[in-house]
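# Structural overview for review
Each chain, written out:
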Amino acid sequence: MKNVIVFGSGQTGNMAASILSEQGYEVLGFVDDAPDAPASSYGRAILGTRDILLDRSSYDAVCVGVGTIKSRRAIVGWLKENDIKTVSAIHSSAVIDADAQLGDNLIIGAGSVFYVNPVIGEGCFVGPSVTVSHDTVVGPFCLLSVGSVIGARCDLATGVLIGSGATLMPPGFRVDARLNIGQGAIVGVGSTVIRDVDDNTTVVGTPAKPIPAR
């Protein structure tokens, strides 16, 4: 699968295209559903909307190059419905243990580290310099922003957003302690999370505390 089209022509799409090119793929260009999409982005052509992907004769696989959780989930669903092959974009400088379990349709940025039995679910976006420690489970379609640290024995449910520079770690030093971050939760930039976070809750600060829903 050498000829790849990136779905999404923005900053995340360019990041994915750059990683794929480094991996030896030929990036043919982008597809983008935006009605006002320009003719090209970051020097690569925008080939059209998603409909062109239904003709599989001109490419081998698609990489999901959008950054928001909602969009990544929707696009992956559409690609599956249409039986379109996909590929992840994983930077060559990422350190990934042999026992790591990685899902499909990932973007993993430069300098990220996954060590000792981590699980990274399908569709996740992992920014540069992210650390995921041992025995941690990151659910599908999570977004781990640049420089975040997900400590040992953390369980992130589906669709969690971790802000840049945030740190997560179970309370205390017991080897059986685990930290649970609920579905759709948001952890603010630079926050320190040492207590469980409920579903669809936003927490900020050190130590992180919930803030009222808007």
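Residues numbered from 1 in each chain as written. Predicted model: local features only at pLDDT ≥ 70, side-chain atom pairs only at ≥ 80, totals over all residues. Heavy atoms only, no water.

Moving on: the environment of serine 41. Among the secondary structure elements, serine 41 is positioned in strand β3 (residues 40-41). Assessed through its relative accessible area of 11%, serine 41 is described here as buried. Once the C-alpha coordinates of serine 41 and alanine 17 are considered, the two residues, 24 residues apart in sequence, prove to be 11 Å apart. Leave out the neighbours within four places in its chain, and serine 41 touches Ser9, Phe30 and Ile46. At 2.7 Å, the side chain of serine 41 and the backbone oxygen of serine 9 are in polar contact. (Helix = DSSP H or I, 4+ residues; strand = E, 2+ residues; numbered from the N terminus. Buried < 20%, exposed > 50% of the residue type's maximum accessible area, 1.4 Å probe, protein only. Contact = heavy atoms within 4.5 Å. Polar contact = N/O pair within 3.5 Å; in protein donor to acceptor, adjacent residues only side chain to side chain.)

A separate point is the packing of aromatic side chains. Under the criterion given, the structure shown has zero aromatic pairs. A cation over a ring is seen here: lysine 2 above tyrosine 25, with NZ or CZ 5.6 Å from the ring centre. Across the ring face of tryptophan 78, the terminal group of arginine 50 is positioned such that the distance to the ring centre comes to 5.0 Å. (Phe/Tyr/Trp six-rings, centres within 6.5 Å; stacked < 30°, edge-to-face > 60°. Lys NZ or Arg CZ within 6 Å of the ring centre and 35° of its normal.)

Backbone phi values are negative for most residues with the exception of glycine, while trans is the configuration of most peptide bonds. Proline 207 follows threonine 206 through a cis peptide bond whose omega is -10 degrees. Within the secondary structure layout, proline 207 lies in the loop between β23 (202-204) and β24 (209-210). In the Ramachandran plot, asparagine 105 falls in the positive-phi region, its phi being about 60 degrees despite a non-glycine side chain. For asparagine 105, a relative accessible area of 5% gives the class buried.

The next thing to look at is the pattern of salt bridges. Evaluation of the coordinates by the stated rule reveals four salt bridges. Here arginine 50 and aspartate 33 are joined by a salt bridge, their closest N and O atoms 2.7 Å apart. Here the residue arginine 50 occupies a position in the loop between β4 (44-48) and β5 (61-64), and aspartate 33 occupies one in the loop between β2 (26-31) and β3, the gap between them amounting to 17 residues. Close ionic contact of aspartate 155 with arginine 178 constitutes a salt bridge, the shortest N to O distance being 2.7 Å. Taken together, the residues aspartate 155 in strand β17 (residues 154-156) and arginine 178 in the loop between β19 (167-168) and β20 (179-181) connect sequence positions 23 residues apart. (Salt bridge = Lys/Arg side-chain N within 4 Å of Asp/Glu carboxyl O.)

With respect to topology, five strands assemble into an open sheet ordered β3-β4-β2-β1-β5, the strand pairing being mixed. Looking at strand neighbours, the two that pair on one side only are β3 and β5, the edges of this open sheet. As judged from the two bridges shared by β2 and β4, these two strands associate in the parallel manner. Among the inter-strand pairings, phenylalanine 30 is bridged to a residue of β4, identified as isoleucine 46. Contacts from helix α1 (residues 11-22) reach β1 (3-7), β2, β4 and β5 within the one sheet, and its direction differs from that of β2 by about 165 degrees. Relative to the sheet, helix α2 (residues 69-81) contacts β1 and β5, its axis offset from that of β5 by approximately 165 degrees. (Pairing = 2+ DSSP bridges. Axes fitted to C-alpha atoms, helices over the stretch in contact; angles between N-to-C directions.)

Attention shifts here to the pairing of β1. Sheet faces and side chains relate simply in a regular strand, where the side chains alternate between the two faces. The element β1 is largely enclosed, with a buried count of four among its five residues. Crossover connection from β1 via α1 to parallel β2: handedness right-handed. Relative to β5, β1 runs parallel, the two being bridged by four bridges. Bridging from a neighbouring strand, valine 4 pairs with alanine 61 of β5. (Right-handed = clockwise from strand over helix to strand, strands pointing away.)

Structural measurements only, silent on function.
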